[in-house]
Amino acid sequence: MPARRYATLDVFTDTPLAGNPLAVVRDAEGLDDAAMQAIAREFNLSETVFVLPPAESRHRARLRIFTPAQELAFAGHPTVGTAVLLALGDRRAEVADAVAFGLEEGVGVVPCVVETGESEAGAKWGRARFRLPRLPESWGEEPDATALAGALGLLPSEIGFSRHRPSRYSAGTPFHLVPVQGLDALGRARASAESLTEALGPGAKVFLYTGETGDPAHSFRARMFAPAAGIAEDPATGGAVAAFAGALMQYEPLGSGTHDLTIAQGFEMGRPSEIALQLTIEDGGLRAAEIGGSAVLVSEGELHL
């Protein structure tokens with residue numbers, strides 16, 4: 001029975017036991033779909049990554065990403081965490097300020113740039129950023145605010161703020177994006193697989209956000225619910241932030257240039273996370289978007305499977 005190396009990291013944070021936990025199985029060759037799904041259920045984290053040899057040798061690795069219930073074509077915190085883990089083992093990182101490589105995911109090749117280091121306490125960590133291989137696209141009409149409010153345990157008047165209205169965008173994984181009035185509404189929101197299915201259809205993933213943050217360093221505060229995917233609530237969701245770039249283009253008066261924003265998530269769960277989003281806008285259109293964040297190595301071990 002082969003020993004397969006694995007690691008766990010906390011992502012979108014530089015502090016252990018904060019951010020979004022991630023499991024990465026480094027020696028995934030020979031595992032079939034059913035085995036990968038079973039291992040993801042065993043870890044029972046928002047996502048588990050399986051690292052495979054790349055289809056093209058110029059790329060660093062091929063990744064398959066699983067929630068406890070399904071495989072995803074793309075997700076942000078698995079990309080950041082796996083990029084940091086691979087860079088920590090890259091000898092180039094010992095002599096260079098940063099290393100760059102491509103990761104093959106279901107959505108396409110994701111170009112990553114990673115800086116690594118070690119804290120005073122000896123924790124190994126890094127900071128990764130990646131350019132979205134697919135810019136966000138609208139995938140449906142605006143969800144009904146009354147139905148959303150009922151599904152989330154809120155009042156219809158608490159859905160939306162300023163110019164922002166509910167929307168649907170995808171940058172590889174589709175999300176329902178739901179603006180709420182403020183931190184009080186954000187904190188009171190609740191969701192179940194049944195309520196979201198009734199309001200939005202099966203498999204709904206809902207990203208709630210507000211412009212009230214309580215911290216001037218944060219541009220927005222957010223929560224994400226995807227109970228049908230086995231994720232009751234996610235501490236940090238890079239794929240949702242990638243989709244959120246579409247809502248920002250629709251509702252925010254952003255001019256040409258580069259815009260840097262920080263989305264805070266996971267605070268209601270006691271897992272504070274910070275996701276960096278950079279938008280490059282030219283002539284009123286989104287030309288590029290990058291997601292970035294830190295990750296810290298928490299544990300390493302072996303699976304005997």
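Just so it is clear, the model here is predicted, and its values are computed rather than measured.

Observations concerning the overall build of the protein chain
Okay, step 1: A tally of helices and strands in the protein chain yields 6 helices and 17 strands.
Okay, step 2: Here the protein chain has a C-alpha radius of gyration of 19 Å; the compact-globule value for 305 residues is 19 Å, and the two agree.
Okay, step 3: In terms of principal-axis extent, the alpha carbons of the protein chain reach across some 55 × 40 × 40 Å.
Okay, step 4: The buried share of the protein chain, reckoned over its 305 residues, is 54%.
Okay, step 5: Here the protein chain has roughly 12,800 Å² of accessible surface; of this, 47% comes from carbon and sulfur atoms.
Okay, step 6: Distance between charge centroids for the protein chain: 3 Å, based on 25 positive and 39 negative side chains.

What to know about the environment of His77
Okay, step 1: Assignment of secondary structure puts His77 in helix H2 (residues 76-88).
Okay, step 2: Counting along the chain gives 214 residues from His77 to Ile291, while the straight-line C-alpha distance between them is 9.4 Å.
Okay, step 3: Once residues lying within four places of it in the same chain are set aside, the contact partners of His77 are Val11, Phe12, Asn20, Pro21, Leu22, Ser46, Glu47, Ala236 and Gly238.

Comments concerning the domain arrangement of the protein chain
Okay, step 1: Domain annotation of the protein chain identifies domain 1 (4-130 + 294-303) and domain 2 (137-293).
Okay, step 2: One C-alpha centre belongs to domain 1, the other to domain 2, and the line joining them spans 24 Å.
Okay, step 3: Across the boundary between the two partners, domain 1 contributes 30 residues, which contact 25 residues of domain 2.
Okay, step 4: Of all residues in domain 1, Phe12, Phe74 and Phe130 bury the most surface against domain 2, accounting for 33% of the area lost on that side.

Re the packing of helix H3 (residues 145-152) against helix H5 (residues 193-200)
Okay, step 1: For the pair H3 and H5, interaxial distance at closest approach is 9 Å and the crossing angle is 175°. By the angle class used here, H3 and H5 are roughly antiparallel. Residues Ala147, Leu148, Ala151 and Leu152 of H3 lie in contact with H5, whose contacting residues are Ser195, Leu196, Ala199 and Leu200.
Okay, step 2: Taken together, the residues of the contact of H3 with H5 sort by class into 7 nonpolar, 1 polar and no charged.

Focus: helix H1 (residues 33-43)
Okay, step 1: When H1 is considered as a whole, its buried residues turn out to be Met36, Gln37, Ile39, Ala40 and Phe43. Projected down its long axis, H1 shows its buried positions confined to an angular sector of 160°, all on one face. Counted as exposed and oriented over 90 degrees from the buried face of H1: Ala34 and Glu42.
Okay, step 2: Where H1 ends, the next residue or the one after it, Asn44, has phi of about 55°, a positive value.

Comments concerning the pattern of salt bridges
Okay, step 1: Overall, the coordinates contain 12 salt bridges when judged by the stated rule.
Okay, step 2: The closest approach of N and O atoms between Arg223 and Glu233, which form a salt bridge, is 2.8 Å. With Arg223 in strand E13 (residues 220-226) and Glu233 in strand E14 (residues 231-234), this residue pair connects regions lying 10 residues apart in the sequence.
Okay, step 3: Classification of Arg223 by relative accessible area gives buried; the value is 5%.
Okay, step 4: Residue classification places Glu233 among the buried residues on the basis of a relative accessible area of 16%.

Overview of H2
Okay, step 1: Look at H2: 18 Å from first C-alpha to last across 13 residues, which is about the 18 Å you get at 1.5 Å a residue.
Okay, step 2: Taking burial as the measure, the 13 residues of H2 include 12 buried ones, the bulk of the element.
Okay, step 3: Taken residue by residue, H2 has Gly76, His77, Pro78, Thr79, Val80, Gly81, Thr82, Ala83, Val84, Leu85, Leu86 and Ala87 as its buried positions.

So, the pairing of strand E16 (residues 273-282)
Okay, step 1: Of the two faces of E16, the one holding Ser273, Ile275, Leu277, Leu279 and Ile281 is buried and the one holding Glu274, Ala276, Gln278, Thr280 and Glu282 is not buried anywhere.
Okay, step 2: Summarising the sheet, strand E15 (residues 257-265) and E16 pair through 9 bridges and their orientation is antiparallel. Each bridged residue has a counterpart across the sheet, and for Gly257 the counterpart in E16 is Ile281.
Okay, step 3: The pairing of E16 with strand E17 (residues 285-304) spans 7 bridges and is antiparallel. Residue pairing across strands places Glu282 opposite Gly285, the latter belonging to E17.
Okay, step 4: Hairpin connection between E16 and E17: a loop of 2 residues separates the two successive antiparallel strands, and Asp283 in this loop has a positive phi of roughly 50°.

Regarding the UniProt feature "active site" (unreviewed entry) in the protein chain
Okay, step 1: In the UniProt entry, the feature "active site" (unreviewed entry) is given for Glu47.
Okay, step 2: By the secondary structure assignment, Glu47 is in the loop between H1 and strand E3 (48-52).
Okay, step 3: Since its relative accessible area comes to 5%, Glu47 is described here as buried.
Okay, step 4: Discounting residues that sit within four places of it in the chain, Glu47 has contacts with Leu22, Ala23, Ile65, Phe66, Thr67, Leu72, Ala75, His77, Pro78 and Ile231.

Some points on unusual backbone geometry
Okay, step 1: Despite not being glycine, Phe12 shows a phi value in the positive range, around 65°.
Okay, step 2: Along the chain, Phe12 falls in the loop between strand E1 (3-11) and strand E2 (20-25).
Okay, step 3: Of note in this structure, Leu17 is not a glycine but carries a positive phi near 70°.
Okay, step 4: Within the secondary structure, Leu17 is located in the loop between E1 and E2.
Okay, step 5: What makes Leu17 exposed here is its relative accessible area of 65%.

Cut-off values and rules
- Residues numbered from 1 in each chain as written.
- Predicted model: local features only at pLDDT ≥ 70, side-chain atom pairs only at ≥ 80, totals over all residues.
- Heavy atoms only, no water.
- Helix = DSSP H or I, 4+ residues; strand = E, 2+ residues; numbered from the N terminus.
- Rg over C-alpha atoms; globule rule 2.2 N^0.38 Å.
- Buried < 20%, exposed > 50% of the residue type's maximum accessible area, 1.4 Å probe, protein only.
- Areas by Shrake-Rupley, 256 points an atom, 1.4 Å probe, with all protein chains shown as cover.
- Lys, Arg positive; Asp, Glu negative; His and termini not counted.
- Charge placed at Lys NZ, Arg CZ, Asp CG, Glu CD.
- Contact = heavy atoms within 4.5 Å.
- Domains from an automatic or database assignment.
- Buried area = accessible area lost by both parts, 1.4 Å probe.
- Axes fitted to C-alpha atoms, helices over the stretch in contact; angles between N-to-C directions.
- Parallel < 35°, antiparallel > 145°, perpendicular 65-115°, else oblique.
- Nonpolar A, V, L, I, M, F, W, Y, C, P; charged D, E, K, R; others polar.
- Arc of directions from axis to C-beta.
- Salt bridge = Lys/Arg side-chain N within 4 Å of Asp/Glu carboxyl O.
- Expected span 1.5 Å × (residues − 1).
- Pairing = 2+ DSSP bridges.
- UniProt positions renumbered as here; feature names shortened; annotations may be inferred.

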